[in-house]
Amino acid sequence: MLRPTADGYEIVFGERRYKASLLAGLNTIPAIVREISDDEALEIAWVENVKRQDITPIEEAEFYQKLLQIGRYDIPSLCTQLGKSEGYIRIRLKLNSLIAEFKGLLDDEEIKVSTAFEIAKYTEAQQVEIFDKHYNVNGGFQDWRSLTTKETISRLENAFTQKLDIYTFDKSECYSCPNNTNNQSLFPIEGECGNCSNLACLRAKNTSYLVNRTKQIISSNPQLTIARERYNYDEAATSQLQADGHTIEETEYLPQYPIPPVQPIKSDYDNEDDFNADTEEYYANYTDYESSAKELNEPYEQGKLKMYACIGNNNIALKYKKLSKPTDPIKEKLTVLEEKDSRNKEIAVEKSIADLKKEIEEVDLTATDFSVSEDTMLYFFMLSSLNKKYF
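Since the structure is predicted, the reported quantities are computational estimates derived from the model, not experimental observations.

(A) Broad picture of a nonpolar patch on the surface. Taken together, the side chains of Ile11, Tyr18, Leu22, Leu26 and Ile29 make up a nonpolar region of the molecular surface, amounting to roughly 430 Å² of accessible area. Within the secondary structure layout, Ile11 lies in strand S2 (residues 8-11).

(B) Representation of the nonpolar core. Residues Leu95, Leu98, Phe102, Ile130 and Tyr135 are the most contacted members of the largest nonpolar core, which totals 22 residues. Where this core is concerned, the elements lending two or more residues are helix H3 (57-69), helix H6 (100-107), helix H7 (113-119), helix H8 (124-134) and helix H9 (149-160). Contacts of Tyr135, omitting those with residues within four sequence positions, involve Phe102, Leu105, Ile111, Thr115, Ile119, Ile130, Trp144, Arg145 and Thr152. Counting residues in each nonpolar core, the second largest holds 20 residues, with Leu241, Tyr300, Leu305 and Ile311 among its members.

(C) The arrangement of H6 in detail. Among all positions of H6, only Phe102, Leu105 and Leu106 are buried. Viewed end-on, H6 has its buried residues packed into an arc of 100 degrees, placing them on one side of the element. The inward-facing, buried residues of H6 abut H3, H7 and H8. Backbone geometry just downstream of H6 places Glu109 in the positive-phi region, at approximately 60 degrees.

(D) Structural view of the packing of H6 against H8. Contact geometry for H6 and H8: axes closest at 9 Å, N-to-C directions at 55 degrees. In terms of orientation, H6 lies oblique with respect to H8. Contacts between H6 and H8 pair Glu101, Phe102 and Leu105 from the former with Gln127, Ile130 and Phe131 from the latter. Split into classes, the residues belonging to the contact of H6 with H8 amount to four nonpolar, one polar and one charged.

(E) Representation of the pattern of salt bridges. By the definition in use, this model includes 15 salt bridges. The closest approach of N and O atoms between Glu60 and Arg92, which form a salt bridge, is 3.1 Å. Within this pair, whereas Glu60 is found in helix H3, its partner Arg92 is found in helix H5 (residues 86-94), the two being separated by 32 residues in sequence. Residue Arg92 is classed as buried on the basis of its relative accessible area, which comes to 12%.

Rules of the game
- Residues numbered from 1 in each chain as written.
- Predicted model: local features only at pLDDT ≥ 70, side-chain atom pairs only at ≥ 80, totals over all residues.
- Heavy atoms only, no water.
- Patch = residues over 30% accessible without salt bridge, like charges linked within 9 Å, V, L, I, M, F, W, Y side chains within 5 Å.
- Areas by Shrake-Rupley, 256 points an atom, 1.4 Å probe, with all protein chains shown as cover.
- Salt bridge = Lys/Arg side-chain N within 4 Å of Asp/Glu carboxyl O.
- Helix = DSSP H or I, 4+ residues; strand = E, 2+ residues; numbered from the N terminus.
- Core = buried A, V, L, I, M, F, W, Y, C linked by side-chain atoms within 4.5 Å.
- Buried < 20%, exposed > 50% of the residue type's maximum accessible area, 1.4 Å probe, protein only.
- Contact = heavy atoms within 4.5 Å.
- Arc of directions from axis to C-beta.
- Axes fitted to C-alpha atoms, helices over the stretch in contact; angles between N-to-C directions.
- Parallel < 35°, antiparallel > 145°, perpendicular 65-115°, else oblique.
- Nonpolar A, V, L, I, M, F, W, Y, C, P; charged D, E, K, R; others polar.

As structure tokens, then:
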């Protein structure tokens, strides 16, 4: 196809056929001449380029992106125009997210399109790490070049994602998040929350949940002691709670307080026989729960048992410890409250001093003489920095 220009004609597409005709010594070849704008010429050229047999996956991905950017196509219309499936188009478009190193490996056919598509789901920083550790090496277990796509997916998920199912915070936002692997897959697994590839966000949500949930539990059950087991807890959550003035007891492994069974809801069942069977099982389990709870409640009331709100990696569990000597739960709680009050006062003083320092640093005192109060304040800070043996 040609379009007229001031100097003659410009080839819109078919340049390779034109060059082949010159090599063959032909004087003329059939051509279509149309008057079209620059944008239309680019669009037609891109569409024709995509239809080439020797186009690389990266070139194809870039052409699809350009066609979408001109605003006259969406993915369904691209599928119709090019005779491709939606899945095919989406996979190619995702390849635009690859870093240059992986684009090069794909162009050189050192990795498959399916593998490149999986790698493209990760952030630029993660891709750099993946390339440096597993594709910029020569042989050995760390070299992933020879892995199948399925094997690569498994290793990527183990290294850079976490299963959302194991977390107890509200995951409503996660279901539609682009960092959820379910939203990156053309065929997500039904019944699963997916994996999160934004681990910083995941940790922040989990920590916030643990902190707020602990405060709620302690507010409604002030007799409980906040605890963490030595090797199984969220460090960020415990640090935040301590900064907020809460005392956290470190313990060895603690047994779990009985968890009540969940009663079946009839509307969740299509079959009444299944509902009746589960209801019967629920009442049997609830009887066992009451019995187990009673066995622990009696020694707790006698001061022979201590109850904890125990911070784990992703939940808050009710746990207990049997005591060798009976204690008075009320006196023990008063001690904890006194310690907490003392810590809160320390925090208040620390914040007051920090705020005062900030105020002094921000006020320009160089233009005028110090007042009596400013002199006093200056001497206070000077003296506080000296060793007490000097005054």
